[in-house]
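Spelled out, the chains give:
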Amino acid sequence: MGKSVNPDLAKARSQATFDPANLTNYLYGGPEKLRRKRYLPAFVFKELCTEMSLTDLCLIFLGLLTHVSDYLGLTLSIENMAAKEYKEEGFKSTDDMSREEAYEESMRRAVYTNKRVLQLNLQDQEEQYYFREIFVPGANPFALHYVMFKDAINTQGTEDQIQKWLPLAETYAVTGTYAQTELGHGTFLRGLETTAEYDVQREEFILNTPTITSSKFWPGALGKTANVAILNAKLITKGRNCGMQSFWVPLRHLETHQPLPGITVGDIGPKFGYHTSDNGFLQLNRVRIPRENMLMRYSKVLQDGTFVPPENDRLVYVPMTQFRFVVIGRSGWTLAKAVTVATRYSAVRRQSEITPGGGEVQILDFQTQQHKLFTQIASAYAMIIAAKAAKDLYDSAFSKMEKGNLEDLPMLHALTSSMKAFNTWEMATGVEQCRMACGGHGYLLASGIPQMYTDMVSACTYEGENTVMCLQAARFLNKCQEAANKGERLPQLTRFLQTSRLNISSSLDQDVDLNDIIAAYEFRAATVISEANARLNAGLAMGKSQSEAWNYASQLLVKAALAFSHWFTVRALIENMRGAGFDNSTETLLLQLAKLYALDGMLRYSGDFRKVG
Ligand SMILES: CC/C=C\C/C=C\C/C=C\C/C=C\C/C=C\CCCC(=O)SCCNC(=O)CCNC(=O)[C@H](O)C(C)(C)COP(=O)(O)OP(=O)(O)OC[C@H]1O[C@@H](n2cnc3c(N)ncnc32)[C@H](O)[C@@H]1OP(=O)(O)O
Ligand SMILES: Cc1cc2nc3c(=O)[nH]c(=O)nc-3n(C[C@H](O)[C@H](O)[C@H](O)COP(=O)(O)OP(=O)(O)OC[C@H]3O[C@@H](n4cnc5c(N)ncnc54)[C@H](O)[C@@H]3O)c2cc1C
């Protein structure tokens, strides 16, 4: 292969004041996890690339070991290599394909990786993700199967149901989706119209989409791929509406893949991105399923039709919370990829002169280009590290929930809702900035950045539209503010509402103190949350109802949720960089990156920070 590294790139790398391996190990969870992450693609490409020489493979392996930042670039070149040598018809870029062809190519690759994951017995979720991501870089037709379909079985199913259904999912005996959203409702779940009426004579549920607006609309894999759905519908038993429940609903014949009786399914058509995901529609015309097909971990329907409610009716929402957490983590990595491509490009692209007659410079030498990219490098690190910090809270809340202790559920819902909105909005803005930083070549699909944007920006909408998610978090924050106003004890995560003071010691002519940065973000969040609460109370004082006052204050409530997430991110970044045990040169650099991230945020939200002094 003998791929020589561009001299400008080599020069830029040689100027590093730290050893990238330290960072790479930290980001991927240590040397062993990193080794595994790098080994998997190289292993499979060797297998795929019939004529790739052992030397080529070693170079790939060494290349992967040298620079994680180069990882993506090398991967793309490996994929091209695999494209040439791929055993069957060969990898083809989907950029020039029709939507149908692109779906089929992605499906071919996804089926290949599904088989290999089973044959290699890859149990680790992260390793499975790495493996798939290389071969199906865009939207994977099995995405819902891998994540929400299996998560819903695991979190909403009884032990018996898990024993029965999960092996079918793990071995791809069935291919699933998560069908909740309808043509008429995506956000307002209490407005869902699909019904599941219990027939006590036959101990069956009759599923029905009675109106056009009740048609399930958007679920991934519904268009062609899935033959089973975890479907959310309004349970009606003994004439009573018992709210949204989840059901295992066969959609297509397991042999012929034809829709089953009473089922009408199809693809919803072209989208802004996610072209290789077959988002679809589903209509149910009085389709019968056995009583045992209702996921009954938390709520039940007895044989005589008696509804046994869950201890907490929000538990049915858990699969969404789980996937929001996945989105929080993936947002940082998506931005990391885009800024890796843009930074490497900026090292090799020479354009214009800084000194007249001095010759064209690497565009990375322009201060404006550095500002565009370094702030996004900092943002990617911040989001990845904040997601790691949120995981500790997430894991402890879930382990308590599994023992029946739901006290942390409101905090978890607020954290995952606000961070999902904050991270995906920051990711969307950042990826677009990276694209534009590459000039015309950033607008080429071959750069990889446009698809990252058009695919991933959908994360601002799915799994809870971002504004709605901020308002959900604001419910929790406002309750905490009301408790703080009464001097009551607050959850650990929001105690700063009672303690935050602005006693900044830094002066403008000295290097800013990191503790002051955390204090400034904490005080800004406390101030914005308090202002939102005051606006809500002002609305009530004007005689508005609670819901009207909520709407009246909603713009500030959204800001409160974002300020809270920004504080959580800055605090996590600084505290984890200080405590990660890096050598001095790496820690110095990372703390510089943390300051850049925090100070750039203060400039972008300077109104908030100036207002709080
Ligand atoms: C950047 C890229 C990232 C990721 C992709 C890359 C890699 C991942 C790999 C593969 C996957 C890839 C692709 C998959 C693609 C797409 C999948 C998308 C799937 C979906 O979109 S599924 C459908 C999602 N839909 C929603 O999220 C609906 C949002 N709406 C709601 O949740 C609710 O309607 C509501 C919360 C907005 C309103 O609820 P409500 O009507 O009951 O009313 P209230 O607001 O009064 O709430 C009542 C009460 O309940 C509490 N509550 C609400 N939700 C929860 C929850 N989830 N957990 C806990 N508690 C909850 C709420 O706080 C209220 O309580 P309170 O005490 O009164 O405040
Ligand atoms: C790529 C993609 C994949 C998807 N995959 C799936 C899937 O696999 N399964 C599935 O079930 N669904 C899926 N969805 C659907 C997705 O979950 C919904 O689109 C999402 O929940 C938003 O709901 P909506 O589309 O009805 O938007 P709406 O809620 O109608 O939003 C429209 C506007 O109304 C505003 N709004 C709505 N409610 C409020 C409120 N209470 N307060 C203030 N403003 C409000 C929103 O902020 C937004 O600006 C997918 C969507 C996309 C784009």
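Small disclaimer: the values here were computed from a predicted structure and weren't measured.

What about the overall build of the protein?
- Counting its secondary structure elements, the protein contains 21 helices and 11 strands.
- A globule of 613 residues ought to have a C-alpha radius of gyration of about 25 Å, and the protein, at 26 Å, matches this closely.
- With respect to the principal axes defined by its C-alpha atoms, the protein has extents near 85 × 70 × 40 Å.
- Evaluated residue by residue, the protein yields a buried proportion of 53% over its 613 residues.
- In the protein, 71% of the contacts between residues at least 6 apart in sequence involve partners at least 24 apart.
- For the protein, the accessible surface area stands at approximately 27,400 Å², while carbon and sulfur atoms represent 54% of it.

Topic: the environment of Phe205
- Residue position: Phe205 is located in strand 3 (residues 204–208).
- Residue classification places Phe205 among the buried positions, given a relative accessible area of 0%.
- C-alpha of Phe205 to C-alpha of Glu126: the two residues are 79 residues apart in sequence and 37 Å apart in space.
- Here Phe205 is in contact with Ala196, Glu197, Tyr198, Leu235, Phe247, Val287, Arg288, Ile289, Pro290, Arg291, Met294 and Val301, once residues within four sequence places are set aside.

Focus on the domain arrangement of the protein
- In terms of domains, the protein is made up of domain 1 (19–138), domain 2 (175–310) and domain 3 (319–491 + 512–611).
- The interface of domain 1 with domain 3 comprises 16 residues on the first partner and 22 residues on the second.
- Of the roughly 1,700 Å² buried where domain 1 meets domain 3, counting both sides, 58% is carbon and sulfur surface.
- Our count for the domain 1 to domain 3 interface comes out at 2 salt bridges.
- Ionic pairing is found between Glu133 and Lys337, a salt bridge with its closest N-O pair at 2.4 Å.
- Across the contact surface, domain 1 and domain 3 share 5 residue pairs in polar contact (both at pLDDT 80 or more).
- Going through the elements one at a time, helix 2 (20–28), helix 5 (68–85) and helix 7 (125–135) are the ones with two or more residues in the side of domain 1 that touches domain 3.
- The greatest single-element share of the side of domain 1 that touches domain 3, amounting to 5 residues, is contributed by helix 2.
- Its residues assigned to classes, the side of domain 1 that touches domain 3 shows 7 nonpolar, 4 polar and 5 charged.

So, the pattern of salt bridges
- Scanning all chains against the criterion turns up 24 salt bridges.
- Arg288 is paired through a salt bridge with Asp199; the nearest N and O atoms lie 2.9 Å apart. Of this pair, Arg288 sits in strand 9 (residues 287–290) while Asp199 sits in strand 2 (residues 195–199), placing them 89 residues apart in sequence.
- Among the salt bridges present, the one from Glu204 reaches Arg202, with a minimum N-O distance of 3.1 Å.
- Owing to a relative accessible area of 17%, Glu204 belongs among the buried residues under this scheme.

Looking at the site of ligand 1
- Around ligand 1, a shell composed of 37 residues is seen, among which Thr187, Tyr274, Arg324, Arg475 and Lys479 lie nearest.
- Measuring from an oxygen atom of ligand 1, one finds a side-chain N or O atom of Tyr317 at 2.9 Å.
- Taking 1,400 Å² as the accessible area of ligand 1 by itself, protein coverage stands at 87%.
- Breaking the shell around ligand 1 down by element, the ones donating at least two residues are helix 8 (143–156), helix 10 (318–348), helix 12 (409–437) and helix 15 (466–485).
- Tallying contributions element by element places helix 10 first for the shell around ligand 1, with 9 residues.
- Of the residues belonging to the shell around ligand 1, the class tally is 20 nonpolar, 10 polar and 7 charged.

Quick notes on the UniProt feature "active site" (unreviewed entry) in the protein
- Under the local residue numbering, the UniProt record ascribes the feature "active site" (unreviewed entry) to Glu463.
- As for its position among the elements, Glu463 is in the loop between helix 14 (449–456) and helix 15.
- Residue classification places Glu463 among the buried residues on the basis of a relative accessible area of 11%.

Structural notes on the sheet that holds strand 8 (residues 280–284)
- Spatial strand order, 4-8-7: 3 strands in an open sheet with antiparallel pairing. What marks the edges here is a single partner per strand, and that holds for strand 4 (216–217) and strand 7 (263–267).
- The pairing of strand 4 with strand 8 spans 2 bridges and is antiparallel. When the sheet's bridge partners are listed, Phe217 is paired in strand 8 with Phe281.

Section: the environment of Ala594
- Mapped onto the elements of the fold, Ala594 is located in helix 20 (residues 584–604).
- Setting aside residues up to four positions removed in sequence, Ala594 forms contacts with Leu573 and Ile574.

Let's talk about the packing of aromatic side chains
- Applying the stated criterion to the full structure yields 20 aromatic pairs.
- Centroid distance Tyr28 to Trp333: 5.0 Å. Interplanar angle 25°. Geometry classified as stacked. Of the two residues, Tyr28 is situated in helix 2 and Trp333 in helix 10; the sequence distance between them amounts to 305 residues.
- The exposure class of Tyr28 is buried, given its relative accessible area of 10%.
- Given a relative accessible area of 23%, Trp333 falls into the partly exposed group.
- Arranged with centres 4.8 Å apart and planes meeting at 45°, the rings of Tyr394 and Phe398 form a pair that is tilted. One end of the pair, Tyr394, and the other, Phe398, are both in helix 11 (residues 367–402), 4 residues apart, so they sit about a helical turn from each other.
- Residue classification places Tyr394 among the buried positions, given a relative accessible area of 10%.
- Phe398 sits in the buried class, given a relative accessible area of 10%.

Overview of the confidence of the model for the protein
- Here the protein shows a mean pLDDT of 90. Residues at 70 or above account for 92%.
- Prediction confidence for the complex, expressed as pTM and ipTM, is 0.93 and 0.98 respectively.

Topic: the pairing of strand 3
- Burial runs high along strand 3: 5 of the 5 residues are buried.
- Of the two faces of strand 3, both are covered, the one formed by Glu204, Ile206 and Asn208 as well as the one formed by Phe205 and Leu207.
- Bridge count for strand 2 against strand 3 is 5 bridges, and the pairing is antiparallel. The partner of Glu197 across the bridge, within strand 3, is Ile206.
- Where strand 2 hands over to strand 3, the hairpin turn is made up of 4 residues, of which Glu203 adopts a positive phi near 50°.
- Judged from the 4 bridges that link them, strand 3 and strand 9 form a sheet pairing that is antiparallel. The residue bridging Phe205 from the neighbouring strand is Ile289, located in strand 9.

Thresholds applied
- Residues numbered from 1 in each chain as written.
- Chains lettered and ligands numbered in written order.
- Predicted model: local features only at pLDDT ≥ 70, side-chain atom pairs only at ≥ 80, totals over all residues.
- Heavy atoms only, no water.
- Helix = DSSP H or I, 4+ residues; strand = E, 2+ residues; numbered from the N terminus.
- Rg over C-alpha atoms; globule rule 2.2 N^0.38 Å.
- Buried < 20%, exposed > 50% of the residue type's maximum accessible area, 1.4 Å probe, protein only.
- Contact = heavy atoms within 4.5 Å.
- Areas by Shrake-Rupley, 256 points an atom, 1.4 Å probe, with all protein chains shown as cover.
- Domains from an automatic or database assignment.
- Buried area = accessible area lost by both parts, 1.4 Å probe.
- Salt bridge = Lys/Arg side-chain N within 4 Å of Asp/Glu carboxyl O.
- Polar contact = N/O pair within 3.5 Å; in protein donor to acceptor, adjacent residues only side chain to side chain.
- Nonpolar A, V, L, I, M, F, W, Y, C, P; charged D, E, K, R; others polar.
- Near = heavy atom within 4 Å.
- UniProt positions renumbered as here; feature names shortened; annotations may be inferred.
- Pairing = 2+ DSSP bridges.
- Phe/Tyr/Trp six-rings, centres within 6.5 Å; stacked < 30°, edge-to-face > 60°.
- pLDDT = per-residue confidence, 0-100.

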